[in-house]
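# A closer look at the structure
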Amino acid sequence: MFTGRALLHLDLGGPDGRPVRYSVDVRHQGDREGRVIAHLYREGRHHASSRVPAVLPVPGGAIEVATSAVGLKRCHYVDTVSTQHQLVPDPRSAEGRRARLERGHPVLSRAIGVVSVVMLVIGLGLNLLQLLEPISRIPPIAENIGIFVSPIHLPLWLNVALALGAALGSAERALRLRYHWLLDAGGN
């Protein structure tokens, strides 16, 4: 786990017109049983909690929370007409610091984002190619389909480096609340 906690906020208009702050706190490592729980706070006081994936009701809609293996993949407010708004990361959280980098240095942020996707694609592609060969040698598969010989044979140190790069890429994407089912780690 690269990020231990996510804290995001949503300001909604209260009945008197003043904004009411809702905060979602997710501890990625989970509780003692390993369950990841999304806690909802209203003006700093605990209001509700639910195991992720979570739907937390708030006035005018609900906050939907889902996690991946390395962080959040979704934390959106969905109103009654199904309009979605991503919650704002707390400035002191890892997601908030990543958002600040994106605002302050957009070119650097974009470059980091591109590198993270490239690392994920390369890691996924090369590891799949190498994994197909031993799988194709399983007797029933070899008899019916044949044996695939991988054109790529990387040394262990490079495979480890690619795996670490892919993990860092996934963590970076989680900090930006970006998720794609093919690129990023599975989750709830």
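Please refer to the structure higher up on the page.
In this text, all values refer to a predicted model and were calculated from it rather than measured experimentally. (Residues numbered from 1 in each chain as written. Predicted model: local features only at pLDDT ≥ 70, side-chain atom pairs only at ≥ 80, totals over all residues. Heavy atoms only, no water.)

## Some points on the sheet that holds strand β5 (residues 54-58)
Read across the sheet, four strands follow the order β5-β6-β7-β8 without closing on themselves; strand pairing throughout is antiparallel. Looking along the sheet, the strands with just one partner apiece sit at the ends: β5 and β8 (84-86). Within this sheet the neighbouring strands show an average axis-to-axis angle of 25°, counted without direction. Two strands pair when backbone bridges link them, and β5 and strand β6 (residues 61-67) are joined in this way by five bridges, in the antiparallel orientation. Paired with Leu56 across the two strands is Ile63, which belongs to β6. (Pairing = 2+ DSSP bridges. Helix = DSSP H or I, 4+ residues; strand = E, 2+ residues; numbered from the N terminus. Axes fitted to C-alpha atoms, helices over the stretch in contact; angles between N-to-C directions.)

## Things to note about the pairing of strand β2 (residues 19-27)
For strand β1 (residues 5-13) and β2, the ladder comprises nine bridges, and the chain directions are antiparallel. Across the sheet, residue Leu10 finds its bridge partner in β2, namely Tyr22. Adjacent in sequence and paired antiparallel, β1 and β2 are bridged by five residues, among which Gly17 carries a positive phi angle near 95°. One ladder, built from five bridges, connects β2 with strand β3 (residues 37-42); its direction is antiparallel.

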